[in-house]
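Residue-level structural notes
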Amino acid sequence: MAELPQEVFFSTAVELNQRLIRKEFSAVELAKAFVARLERHASVALSLMKDAHEKARDVDRELKRDRTRGPLQGVPYAITDLLSVARRPTTWGSPIFARQAFQDNAAVVDKLGKSGAVLAAKLRALELGGAGLLTAAGAAPFAAAVAEGLVPYA
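What counts, and where the lines are drawn
Residues numbered from 1 in each chain as written. Predicted model: local features only at pLDDT ≥ 70, side-chain atom pairs only at ≥ 80, totals over all residues. Heavy atoms only, no water. Helix = DSSP H or I, 4+ residues; strand = E, 2+ residues; numbered from the N terminus. Buried < 20%, exposed > 50% of the residue type's maximum accessible area, 1.4 Å probe, protein only. Contact = heavy atoms within 4.5 Å. Areas by Shrake-Rupley, 256 points an atom, 1.4 Å probe, with all protein chains shown as cover. 1 Å grid on protein atoms, 1.4 Å probe; cavity = no way out; pocket = protein on both sides within 12 Å on 5 of 7 lines; lining within 4 Å. Points joined across faces, edges and corners; volume = space filled by probe spheres on them. Nonpolar A, V, L, I, M, F, W, Y, C, P; charged D, E, K, R; others polar. Pairing = 2+ DSSP bridges. Axes fitted to C-alpha atoms, helices over the stretch in contact; angles between N-to-C directions. Salt bridge = Lys/Arg side-chain N within 4 Å of Asp/Glu carboxyl O. Polar contact = N/O pair within 3.5 Å; in protein donor to acceptor, adjacent residues only side chain to side chain. Phe/Tyr/Trp six-rings, centres within 6.5 Å; stacked < 30°, edge-to-face > 60°. Lys NZ or Arg CZ within 6 Å of the ring centre and 35° of its normal.

Helix and strand counts for the protein stand at 5 helices and 3 strands. Listing every helix and strand of the protein by position from the N terminus yields α-α-β-α-β-α-β-α. For the protein, the residues scored as buried account for 43% of the 154 residues in total. The long-range fraction of contacts in the protein, counting pairs at least 24 apart against all pairs at least 6 apart in sequence, stands at 68%. In the structure as shown, the protein presents an accessible area of about 8,200 Å², 57% of it carried by carbon and sulfur atoms.

With that settled, consider the layout of surface pockets. Unoccupied space between atoms shows up once a probe the size of one water molecule is rolled over them. Approximately 390 Å³ is the volume attributed to the largest pocket. Surrounding the largest pocket, 19 residues form its lining, Asp51, Val85, Asn105, Val109 and Leu119 being those nearest its centre. Of all the secondary-structure elements, those providing two or more residues to the lining of the largest pocket are helix 3 (49-64), helix 4 (107-114) and strand 3 (118-123). Ranked by the residues each element gives to the lining of the largest pocket, the list is headed by helix 3, at 5 residues. In terms of residue class, the lining of the largest pocket is made up of 9 nonpolar, 2 polar and 8 charged.

A few words now on the sheet that holds strand 3. Ordered in space as 1-3-2, the 3 strands form an open sheet in which the pairing is mixed. Edge positions in the sheet fall to strand 1 (44-47) and strand 2 (76-80), since each of these pairs with one other strand and no more. Direction aside, neighbouring strands of the sheet carry axes that sit 35° apart on average. With 5 bridges joining them, strand 2 and strand 3 adopt parallel strand pairing. Considered in strand 3, the bridge of isoleucine 79 is made with lysine 122. The strands touched by helix 2 (residues 27-41) within the sheet are strand 1, strand 2 and strand 3, with strand 3 carrying the most contacts at an inclination of about 5°. Those strands touched by helix 3 are strand 1 and strand 3, and its axis lies near 165° from that of strand 3.

What the rule picks out here adds up to 8 salt bridges. In this structure, the salt-bridge partner of arginine 19 is glutamate 24, at a minimum N-O distance of 2.6 Å. With a relative accessible area of 40%, glutamate 24 lands in the partly exposed category.

Below, the discussion takes up the environment of glutamate 39. Summarising the element assignment, glutamate 39 is placed in helix 2. Along the primary structure glutamate 39 and methionine 49 are separated by 10 residues, whereas in three dimensions their C-alpha atoms are 9.7 Å apart. Residues contacting glutamate 39, with those up to four places away along its chain left out, are Val44 and Ser47. A distance of 2.4 Å separates polar atoms of two side chains, one belonging to glutamate 39 and the other to serine 47.

Turning our attention to the packing of aromatic side chains. What the rule picks out here adds up to 4 aromatic pairs. Centroid distance phenylalanine 9 to phenylalanine 34: 5.1 Å. Interplanar angle 75°. Geometry classified as edge-to-face. Of the two residues, phenylalanine 9 is situated in the segment before helix 1 (13-21) and phenylalanine 34 in helix 2; the sequence distance between them amounts to 25 residues. One exposure class covers both phenylalanine 9 and phenylalanine 34, and it is buried. Members of the aromatic cluster, connected to one another through ring pairs, are Trp92, Phe97 and Phe102. Just above the ring of phenylalanine 9 sits the side chain of arginine 37; from NZ or CZ to the centre is 4.4 Å.

This is the structure in structure tokens:
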């Protein structure tokens, strides 16, 4: 795989989708590049490289047949570890829940999956606070991941 140019990591999801459609690079190449970048630079709760690679291969097959689904097709993204991905750990930011896994995806994960979006990783949520309550996480870690070019959207 040739290394992708740096501007790719700071492109919008729509720009990346258009470049995929023009076959400037494959969805597999894009997913691998973003997952590797996330693993090097982010507080990743769970890398989903294998899942992302499978989804990206499916997208590449669709694009080869000129089947497009919309502007998020083939574009990697990350979610918070507060959301479930079927049969994958959902820790809610706490080692107490390290073995917790749900049978179903969160609704947003399913919706994005149907659009052809490629889930690359779950980012760490903040640790549980006193009395078992989640501390206010806000969007700052996810906005930072986008601003730093770790994912096009989160």
